[in-house]
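# Structural description and commentary
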Amino acid sequence: MNDSFDKPQLWWERDDLCYRNDYLFFGKQNLQVLAESSGTPTFVYNVTRIQQNLMRLSGALTKRGIKFKIFYALKANRYLPLVTSLKLGGLCGADVCSPGELLLARQAGFHENEITYTGTSVSDEDIECLKRHAGVHVNCDAISTLRRLGAQFPGRSVGIRINPSQGAGYHSGLHYAGSKATKFGIYKDRFLEALEVAGKYGLIIKTLHFHIGSGYGTNDLDTLDEILVGCNWFLDQCPEIDTLDIGGGLGVPLVEGQKPLDLDAWAGVIEKHANRRELEIQIEPGDYVVKDAGVLLLQVNTVEEKAGTCFVGVNGGFNIQSLAVYYQTPFIVTPLKWRPDVPKEKITLAGNINEAIDIFAEDVGLPAISEGDYIALLNSGGYGSACSSNHCMRGSFSEYLLIDEP
Ligand SMILES: Cc1ncc(COP(=O)(O)O)c(C=O)c1O
């Protein structure tokens, strides 16, 4: 491919993330300027977009007359300034899955009654921590947790996470429930036993909880509907439950042609079930809130053809943004400065970790990239810094929060 071209409108461009005079802007920030002044690798998050994402969710639920609360799943991104901005924004509480996340949510200003704890493989040490934070609502995903928490804290009001036996997500590897047994939640066949254990310790079951996977879309709403129908059996067993927590997992478009999750249809499915039983709905979105509100800036250090493939090597690897490798979901790769007059090329974007799997994207068509250029990985706001490691001792990166001036 060697035809030169002017920059077309790209499918993912939106008001707050687009090219102006060939430079990529995020809100009012020229990202090339930020990369040059502040160095790379750098994650950049936009508070306005985060708030818009939350408002879109709450708008859809409000429109349907649903009583609801949103708990942002901290595991997606726990950058403290970002989490603090969420607390100050007042649109959500925090869902945490470990003592570390619980303390971080408290440090960011969330009160105990604004925190839900939904952990797995819960240890006695975890339970000790929960005992010290009596106001945090705990969703138990195993009978073992109910037994040990109940023994330590009889009479506490808790939730039970069930395994709905069906899942949904960007692809089947990201389903949290399905035909193969998964570690999450209590299955129907042991739910009555769970209630018995809870009863033995006087635990009051207030919430039924499930989480179906990562990245569900409009096509998955039938599955969500079926799962909600299935919840009726569980709710019938335990009339004191007044809250249904449907977890997180809401997806966003990753490639051209994908449509955003139809939130009105989504809220319609929830409404059918919630309002009939007068349930409060809780949701725990993580990625939906931060994914498209974050980009990762990287600098190109190597451009070289190897066996017919043009490899573009950058100064960060899958250890700081692992989604492509671990979740097998694609990134959008784009240069910070669009060069209209250079030929278009297909490239493979490679990280700087000595592992064959360290590839961010393959076969991407871009204006020819040169060593020293900066590029952005879009949709990097979730499960990037939060999952990072120091593999090859290349764990350094910085994070910036963009707060538009009023
Ligand atoms: C219980 C629970 N809630 C919420 C989430 C957040 O999911 P997502 O970031 O896909 O919205 C997860 C993710 O693993 C989860 O396990």
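The rules behind each value
Residues numbered from 1 in each chain as written. Predicted model: local features only at pLDDT ≥ 70, side-chain atom pairs only at ≥ 80, totals over all residues. Helix = DSSP H or I, 4+ residues; strand = E, 2+ residues; numbered from the N terminus. Rg over C-alpha atoms; globule rule 2.2 N^0.38 Å. Contact = placed C-beta atoms within 7 Å. Near = placed C-beta within 6 Å. Nonpolar A, V, L, I, M, F, W, Y, C, P; charged D, E, K, R; others polar. Pairing = 2+ DSSP bridges. Axes fitted to C-alpha atoms, helices over the stretch in contact; angles between N-to-C directions. Domains from an automatic or database assignment. Core = buried A, V, L, I, M, F, W, Y, C linked by C-beta atoms within 7 Å. Buried ≥ 20, exposed ≤ 12 C-beta atoms within 10 Å, placed from the backbone. Arc of directions from axis to C-beta. Right-handed = clockwise from strand over helix to strand, strands pointing away.

So, about the overall build of the chain. The number of helices and strands found in the chain is eleven helices and 19 strands. The C-alpha radius of gyration of the chain comes to 22 Å, within 12% of the 22 Å expected for a compact globule of 406 residues. The contacts in the chain between residues at least 6 apart in sequence include a share of 73% that link residues at least 24 apart.

In the vicinity of the ligand, 17 residues are found, and the nearest of them are Ala-73, Gly-248, Glu-284, Gly-286 and Asp-287. Split by residue class, the shell around the ligand holds five nonpolar, eight polar and four charged.

What follows is about the sheet that holds strand S12 (residues 280-283). If you walk around this closed barrel you meet the eight strands as S5-S6-S7-S8-S9-S10-S11-S12, and the pairing is parallel. Recorded for the sheet is a direction-independent mean angle of 30° between the axes of neighbouring strands. Of the strand pairs in this sheet, strand S6 (residues 93-96) and strand S7 (residues 115-118) are connected by three bridges, and their pairing is parallel. Looking across to S7, one finds that Asp-95 is bridged to Thr-116.

With that out of the way, let us pick up the domain arrangement of the chain. The domain boundaries assigned to the chain delineate domain 1 (17-46 + 291-402) and domain 2 (48-290). Computed over C-alpha atoms only, the centres of domain 1 and domain 2 are separated by 32 Å. Tallying the contact residues gives 19 residues for domain 1 and 25 residues for domain 2. Secondary structure elements with two or more residues in the side of domain 1 that touches domain 2: strand S4 (42-46) and strand S19 (398-402). A per-class count over the side of domain 1 that touches domain 2 returns seven nonpolar, nine polar and three charged.

The subject of this paragraph is the nonpolar core. Membership of the largest hydrophobic core comes to 108 residues, with the highest contact counts inside it found for Tyr-72, Ile-281, Leu-297, Val-333, Ile-375, Ala-376 and Leu-377. Shared between two domains, this core takes at least three residues from each, and those domains are domain 1 (17-46 + 291-402) and domain 2 (48-290). When neighbours within four sequence positions are excluded, Leu-297 is seen to be in contact with Leu-31, Ala-35, Thr-40, Pro-41, Thr-42, Val-44, Leu-336, Tyr-374 and Ala-376.

Attention now goes to unusual backbone geometry. Residue Pro-41 follows Thr-40 across a cis peptide bond; omega there is 0°. Looking at the secondary structure, you find Pro-41 in the loop between helix H1 (31-38) and S4. Positive phi outside glycine occurs at Asn-21, with the angle close to 50°. Relative to the elements of secondary structure, Asn-21 occurs in the loop between strand S1 (17-20) and strand S2 (23-26). Here the phi dihedral of Met-393 falls at roughly 55°; this positive angle occurs in a residue that is not glycine. Mapped onto the elements, Met-393 comes out in the loop between strand S18 (374-378) and S19. The exposure class assigned to Met-393 is exposed, which follows from the 7 C-beta atoms found within 10 Å.

Among all positions of helix H4 (residues 99-107), only Pro-99, Glu-101, Leu-102 and Ala-105 are buried. Buried residues of H4, viewed axially, fall in a sector of 165°; they line one side. In this structure, H4 carries Gly-100 and Gln-107 as exposed residues pointing more than 90 degrees from its buried face. Buried residues along H4 sit in contact with helix H3 (80-89), S6, S7 and helix H5 (124-132). Looking one or two places after H4, you find Gly-109, whose phi comes out positive at around 105°.

Looking now at the sheet that holds strand S3 (residues 29-30). Taken in spatial order, the three strands line up as S1-S2-S3 in an open sheet, and their pairing is antiparallel. The open sheet has two edge strands with one neighbour each: S1 and S3. Note: S2 against S3, two bridges, orientation antiparallel. In the sheet register, Phe-26 faces S3, and the bridge partner there is Gln-29.

Let's shift gears to the pairing of strand S8 (residues 137-140). Neither face of S8 is left uncovered, since the one carrying His-137 and Asn-139 and the one carrying Val-138 and Cys-140 both have all their residues buried. Judged from the three bridges that link them, S7 and S8 form a sheet pairing that is parallel. Of the residues in S8, the one forming a bridge with Tyr-117 is Val-138. Sheet topology note: the S8/strand S9 (residues 157-161) ladder contains three bridges and is parallel. Directly across from Val-138, in S9, lies its bridge partner Val-158. You can see the chain leave S8, run along helix H6 (residues 143-152) and come back into S9, and the turn it takes is right-handed.

Moving on: the environment of Arg-132. Residue placement: Arg-132 occurs in helix H5. Each C-alpha atom, one on Arg-132 and one on Ala-307, is 59 Å from the other, the two residues being 175 residues apart in sequence.

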